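Architecture and fold: a report
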Amino acid sequence: MSSTKDFVIAASSAYPKADQTFQYGTAGFRMKADLLPSVVFRVGLLAALRSRFKGGQYVGVMITASHNPPADNGVKLVDPMGEMLESSWEAYGTKLANAASDEEVYEYYSQLEKDFNLKPDVQAQVVVGCDTRESSPALVDALVAAVNAVGVKPSDYGIVTTPQLHYFVRCLNTQGTDHAYGEPSPEGYFQKLSTAYNQLMAGKSNSPVTVDCANGVGGPQLRLLTKYLNDSVSVVITNDDTQTFSKLNSQCGADYVKTNQRLPPSTTAQPLARYASLDGDADRIVYYYTDSSNVFHLLDGDKIATLAASFIVDLVRASGITDFKLGVVQTAYANGNSTKYIEKLGLPVVCTPTGVKHLHHAALAYDCGVYFEANGHGTVLFSTEALRRISVHEPNTPAEKTALTSLQAVTELINQTVGDALSDLLLVEVILAYKAWSPDQWDSCYTDLPNKLEKAEVADRNKYKTTDAERKLTEPEGLQDQIDALVGKYRSARSFVRPSGTENVVRVYAEAATKGEAEELAQKVKALLK
Ligand code: NG1
Ligand code: ZN
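Here the structure is a predicted model, which means the values were calculated and not measured.

With that settled, consider the sheet that holds strand S12 (residues 349-352). The sheet built from four strands is open, its strands ordered S12-S11-S13-S14 with mixed pairing. The open sheet is flanked by S12 and strand S14 (378-382), the only strands paired with a single partner. Averaged over neighbouring strand pairs, the angle between their axes works out to 20° when direction is ignored. Here four bridges tie strand S11 (residues 326-331) to S12, and the two strands are oriented parallel to one another. Across the sheet, residue Val 329 finds its bridge partner in S12, namely Val 350. Packing of helix H10 (residues 301-319) onto the sheet brings it into contact with S11, strand S13 (368-372) and S14, and relative to S13 it is tilted by some 165°.

Listed below in structure tokens is the structure:
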């Protein structure tokens, strides 16, 4: 009779490893899709181990490369409450992915079983989802082959957004408990979001919003979601061709708009109308508009964070809830003026290293933690205690009752597992309707400092070491002093350099009083890296 060892080795041999070193980074493994089959196979083994380590709870595997070009793909694990994989396990993923032979794959696998004392009677449960890329189905097959080899039948959700998969995982693990998150199905997801949205929007309306879906999975999913929404807003869906693989993230999508700070070329914007762009797996969203002079204005993650934070704080106060701590979490890429604005609102604001797991973690310190990366990836977390207080609070006046009911619906509208472009879209639409704000009114809360993001190819990005939430370099020696000297020459300037966690490059960010100065500073700092 064959043993697990035989099954794993035989199955692994169908997914030979490319001659390459892999690393589980900020977004899991991400690279050209043809290098990935062996990596995904081994991630499947890791997912099964992780599930057993978590007492047989469901663990998710998402196959996507988000905003990367169509030829790329990626894979990442989702922990039982819908969070990103706990950091200490990333190294096990890296080790498995780099095992030199099928025998070594099994050796590491069984070593982890021993190290964590994983009992054979705990059955692993794995769920998988993927984006619309051409390479995704074959990678799902690799994943299925791996978990089958260790006796697990995975649940395959097919083509879903990354945040949907996070939602399903949390629902599956909380079913039947007093903290059940929702029905673990696409319908359950749409139902949860739309019920909250429809309740919040009763009697309110918005002008239409046009949503560029990056020709990714967000398009079909948003189309389904809109069927559940009342007619308080009409959502115009664009760039939703998921059949032509080469169109994914090409000349459209949140990353294109944020990086180039311009409209997707396919969009002819009506002045003062609202536009939004999702990324390829719909976990990021940015808004934008053109003003009456046809000038483009970006409403990025920082603007969404400040909008959400001020709205929620107002609702909490209006509900009569006191001693409620709401904080905002940003990264070094947050515009300097957004940080000043949050401070002006009297709210605590902290800066963490790049990567949502850091922001998510910091946000847990508050009753309500609002976290967004400038690129539009973020969400709002309510602590268990805050949710309890909100649910038992007794309003003293009809006005308090109205605010409290809205606050309760807001906690349902927000996907609290991870940044979710569809949930964030509905949240922004609700807030703008409540405030009766046009996009320029929202924009006028503060003016972004002009900024520039550049990337530099370097021989070895690992030579760049940072401190102070990646705002300062400690290595290479002397480089930070040179950057500081350059920054000192510009008005309202700030610049930092950090190695990317997802690409083999070093990123340079600069902001300054004018566009010209920000661009010049970025170029000069980039030139230091040569
Ligand atoms: P890196 O490549 O580490 O800069 C990028 C984004 C992050 C985050 C991750 C994960 C920027 C400057 N960086 O990280 O914010 O979203 O990808 O996708 O946008
Ligand atoms: Zn994404």
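One number sums up the size of the second largest pocket: a volume of about 920 Å³. Lining the second largest pocket are 34 residues, and of these Gly 25, Arg 461, Ser 500, Gly 501 and Thr 502 sit closest to its centre. Of the residues contributing to the lining of the second largest pocket, the split by class is nine nonpolar, 15 polar and ten charged.

So, about the coordination of the zinc ion (ligand 2). A four-donor tetrahedral metal ideally has 109.5 degree angles, and a six-donor octahedral metal ideally has angles of 90 or 180 degrees. Binding of the zinc ion (ligand 2) to the protein goes through Ser 66 (OG), Asp 279 (OD), Asp 281 (OD) and Asp 283 (OD), at separations of 2.0 to 2.1 Å. Between the four donor atoms coordinating the zinc ion (ligand 2), the angles at the centre fall across 86 to 171°, so the site counts as irregular. Donor residues binding the zinc ion (ligand 2) come from one chain and are separated in sequence as S-x212-D-x1-D-x1-D. One end of the pair, Ser 66, is in the loop between strand S2 (58-63) and strand S3 (72-78); the other, Asp 281, is in the loop between strand S8 (274-278) and strand S9 (285-290), and 215 residues separate them in sequence. A single burial state applies to Ser 66 and to Asp 281, both of which are buried.

Within the open sheet, the five strands sit side by side as S7-S6-S8-S9-S10. Their pairing is mixed. Looking at strand neighbours, the two that pair on one side only are strand S7 (235-238) and strand S10 (296-299), the edges of this open sheet. Neighbour-to-neighbour, the strand axes of this sheet turn through a mean angle of 25°, independent of strand direction. Across four bridges, strand S6 (residues 209-212) lies against S7 in parallel orientation. Its bridge partner lying in S7, Thr 210 is registered against Val 236. Sitting on the sheet, helix H8 (residues 218-228) is in contact with S6, S7 and S8, with an inclination near 160° to S7.

Turning our attention to helix H3 (residues 90-97). Taken as a whole, H3 has its buried residues at Glu 90, Gly 93, Thr 94, Leu 96 and Ala 97. Down the axis of H3, the buried set is contained in an arc of 165°. They therefore lie on one face.

Here we take up empty space enclosed by the protein. The rolling of a water-molecule-sized probe over the atoms marks out the regions of remaining empty space. This structure, assessed with the given rule, holds three cavities of 30 Å³ or more. As a volume, the largest cavity reaches approximately 60 Å³. If you trace the largest cavity, you find it lined by Tyr 24, Gly 25, Thr 26, Ala 27, Gly 28, Lys 76, Leu 77, Met 84, Leu 85, Glu 90 and Lys 357. Its residues assigned to classes, the lining of the largest cavity shows five nonpolar, three polar and three charged.

Quick look at the UniProt feature "active site" (unreviewed entry) in the protein now. The UniProt feature table records "active site" (unreviewed entry) at Ser 66. What makes Ser 66 buried here is its relative accessible area of 3%. Residues in contact with Ser 66, not counting those within four places in the same chain, are Arg 30, Asp 131, Arg 133, Asn 249, Asp 279, Gly 280, Asp 281 and Asp 283.

Rules behind the numbers
Residues numbered from 1 in each chain as written. Chains lettered and ligands numbered in written order. Predicted model: local features only at pLDDT ≥ 70, side-chain atom pairs only at ≥ 80, totals over all residues. Heavy atoms only, no water. Pairing = 2+ DSSP bridges. Helix = DSSP H or I, 4+ residues; strand = E, 2+ residues; numbered from the N terminus. Axes fitted to C-alpha atoms, helices over the stretch in contact; angles between N-to-C directions. Contact = heavy atoms within 4.5 Å. 1 Å grid on protein atoms, 1.4 Å probe; cavity = no way out; pocket = protein on both sides within 12 Å on 5 of 7 lines; lining within 4 Å. Points joined across faces, edges and corners; volume = space filled by probe spheres on them. Nonpolar A, V, L, I, M, F, W, Y, C, P; charged D, E, K, R; others polar. Donors = N, O, S within 2.8 Å, 3.2 Å for Na, K, Ca; no water. Tetrahedral: all angles 85-135°; square planar, octahedral: opposite > 155°, others 65-115°. Buried < 20%, exposed > 50% of the residue type's maximum accessible area, 1.4 Å probe, protein only. Arc of directions from axis to C-beta. UniProt positions renumbered as here; feature names shortened; annotations may be inferred.

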